[in-house]
Amino acid sequence: MKRLALGAMLLAATIAALFVGSIAVGDAHGTKLDTVSVQLLSLNDYHGNLEPPAGSSGRIGTTDAGGIEYFATHIANLKATNPNTIVVGAGDMIGASPLVSALFHDEPAIESLNIAGLDVTAVGNHEFDEGAAELKRMQNGGCHPKDGCQDGTPFEGSKFQYLSANVFLLPTADEQAKAKAAKKTARAKPLLPPYTVKTVGGVKVGFIGMTLEGTPQIVTPSGVAGLRFYPEAYMANYWAQNL
């Protein structure tokens, strides 16, 4: 199956201001005082590719291109051009990975992105390859429930924030029973935080992370068991009210 670059979306809640590179700053009366230049560095479909691809596709001339060392250096060089930089992802950071990452349940992919300086990312369809519980382990850390910490060191999870605004965890049978006994309604809740706010250059920038609504049609049923995916535009508008 072809990897989907549209597996997730990360929406900047500051709308058009981000795309022209600056955000207006005003006082309590709305008077424009200054602008802050914000640089967004965006990536997607990392898929745990720690090493450059083999063959000519992994080279620019005679130089290796790709892999986390090349990528992290490129990110660092770009960040050096603007102190007000946020590194964002649009999903598929893990899953469909080469053995060097997949053998360790993509813990190396997460740890390498921590070092590279990723700040926030949406959840892509491949983040669900091993199910919701494993995705939450990628966020929160902890050893794999079956294989443990294979490299002998603790896995601390992602320093960056995964966002999932339109993916909800359905109530379990026990939760439904308890709610019924209390004469309440058991409600679905977001699998991961729907949005986050980053302060850069004294300005707050909001991000809403969105997953492709059709994800259940392109991953195994076990990967999305107990989850419900809602329309992206509807949920973007819903959570934008909170920002």
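Below you will find a few notes about this structure. Along each chain, the written sequence defines residue order, and numbers are assigned to residues from 1. Given that this is a predicted model, residues contribute local features only at a pLDDT of at least 70 and side-chain atom pairs are listed and counted only at 80 or more, while totals for whole chains, interfaces and linings are drawn from all residues. In computing side-chain properties, one takes all heavy atoms of the structure into account and sets aside hydrogens as well as water.

1. Considerations on the overall build of the protein
Phase 1: Strands are runs of DSSP state E lasting at least two residues, helices are runs of H or I lasting at least four, and both sets are numbered from the N terminus onward. For the protein, the helix and strand inventory stands at seven helices and 14 strands.
Phase 2: Partly exposed residues are those whose accessible area sits between 20% and 50% of the maximum for their type, while under 20% is buried and over 50% is exposed, using a 1.4 Å probe and protein chains only. Counting across all 243 residues of the protein, residues that qualify as buried make up 42%.
Phase 3: Considering only residue pairs separated by 6 or more positions, the protein has 71% of its internal contacts joining residues 24 or more positions apart. It only takes one pair of heavy atoms within 4.5 Å for two residues to be counted as in contact.

2. Re the side chain of Thr-196
Phase 1: Residue position: Thr-196 is located in strand 12 (residues 195-200).
Phase 2: A relative accessible area of 17% means that Thr-196 is categorised as buried.
Phase 3: Not counting chain neighbours up to four residues away, the residues in contact with Thr-196 comprise Val-120, Leu-163, Val-205, Gly-206 and Phe-207.

3. Regarding the state of the cysteines
Phase 1: Our working definition of a disulfide is a cysteine sulfur pair at a distance within 2.5 Å. Here the structure, examined in full by the defined rule, presents one disulfide.
Phase 2: Across a sulfur-sulfur distance of 2.0 Å, Cys-143 and Cys-149 are joined as a disulfide pair. In this structure, the disulfide formed by Cys-143 and Cys-149 twists by about -100° around the S-S bond and is classed as left-handed.

4. Topic: the sheet that holds strand 4 (residues 39-43)
Phase 1: One bridge is not enough; two strands pair if DSSP finds at least two bridges between them. A sheet is described by the order of its strands in space; here four strands give the open sequence 4-7-8-9, paired in parallel fashion. The open sheet terminates on both sides in strands that have one partner only, identified here as strand 4 and strand 9 (161-163). Within this sheet the neighbouring strands show an average axis-to-axis angle of 25°, counted without direction.
Phase 2: Direction of pairing for strand 4 relative to strand 7 (residues 85-89): parallel, over a ladder of five bridges. Directly across from Leu-43, in strand 7, lies its bridge partner Gly-89. Axis definition: a line fit to C-alpha positions, over the contact stretch in the case of helices; interaxial angles, taken between N-to-C directions, run 0 to 180 degrees.

5. With respect to the nonpolar core
Phase 1: By convention a nonpolar core is built from buried Ala, Val, Leu, Ile, Met, Phe, Trp, Tyr and Cys residues, the set being connected through side-chain atoms within 4.5 Å. Core analysis: the biggest nonpolar cluster contains 28 residues, and Phe-128, Tyr-162 and Leu-191 have the highest contact counts within it.
Phase 2: Among the elements of the structure, strand 4, helix 2 (68-79), helix 4 (107-116), helix 5 (132-140) and strand 14 (227-229) are those that each provide at least two residues to this core.
Phase 3: Ranked by residue count, the leading element in this core is helix 4, at four residues.
Phase 4: Those residues within four positions of Phe-128 in sequence are excluded, and the remaining contacts are Val-123, Leu-135, Val-167, Leu-191, Thr-211, Thr-215, Gly-223, Val-224, Leu-227 and Phe-229.
Phase 5: Counting residues in each nonpolar core, the second largest holds ten residues, with Ile-86, Val-120, Val-205 and Phe-207 among its members.

6. A closer look at helix 5
Phase 1: Restricting attention to buried positions, one finds in helix 5 the residues Ala-132, Glu-134, Leu-135, Arg-137, Met-138 and Gln-139.
Phase 2: Looking at the packing, one finds that the buried side of helix 5 touches helix 4, strand 9 and strand 14.
Phase 3: Where helix 5 terminates, the next one or two residues include Gly-141, which has phi positive at roughly 90°.

7. What about unusual backbone geometry?
Phase 1: One non-glycine residue, Asp-45, lies in the positive phi region at around 55°.
Phase 2: Within the fold, Asp-45 resides in the loop between strand 4 and strand 5 (59-60).

8. A short note on the sheet that holds strand 10 (residues 167-169)
Think of a sheet as strands paired side by side through backbone hydrogen bonds, with each pair either parallel or antiparallel.
Phase 1: Read across the sheet, three strands follow the order 11-10-14 without closing on themselves; strand pairing throughout is antiparallel. Every other strand in the sheet has two partners, leaving strand 11 (189-190) and strand 14 as the edge strands with one partner each.
Phase 2: Note: strand 10 against strand 11, two bridges, orientation antiparallel. Paired with Leu-169 across the bridge in strand 11 is Lys-189.

9. Let's talk about the environment of Lys-198
Phase 1: For Lys-198, the location among the structural elements is in strand 12.
Phase 2: Spatially, the C-alpha atoms of Lys-198 and Asp-119 are 9.0 Å apart, while their sequence positions differ by 79 residues.
Phase 3: With residues near it in sequence (within four places) discarded, Lys-198 still touches Ile-86, Asp-119, Val-203, Lys-204, Val-205 and Phe-207.

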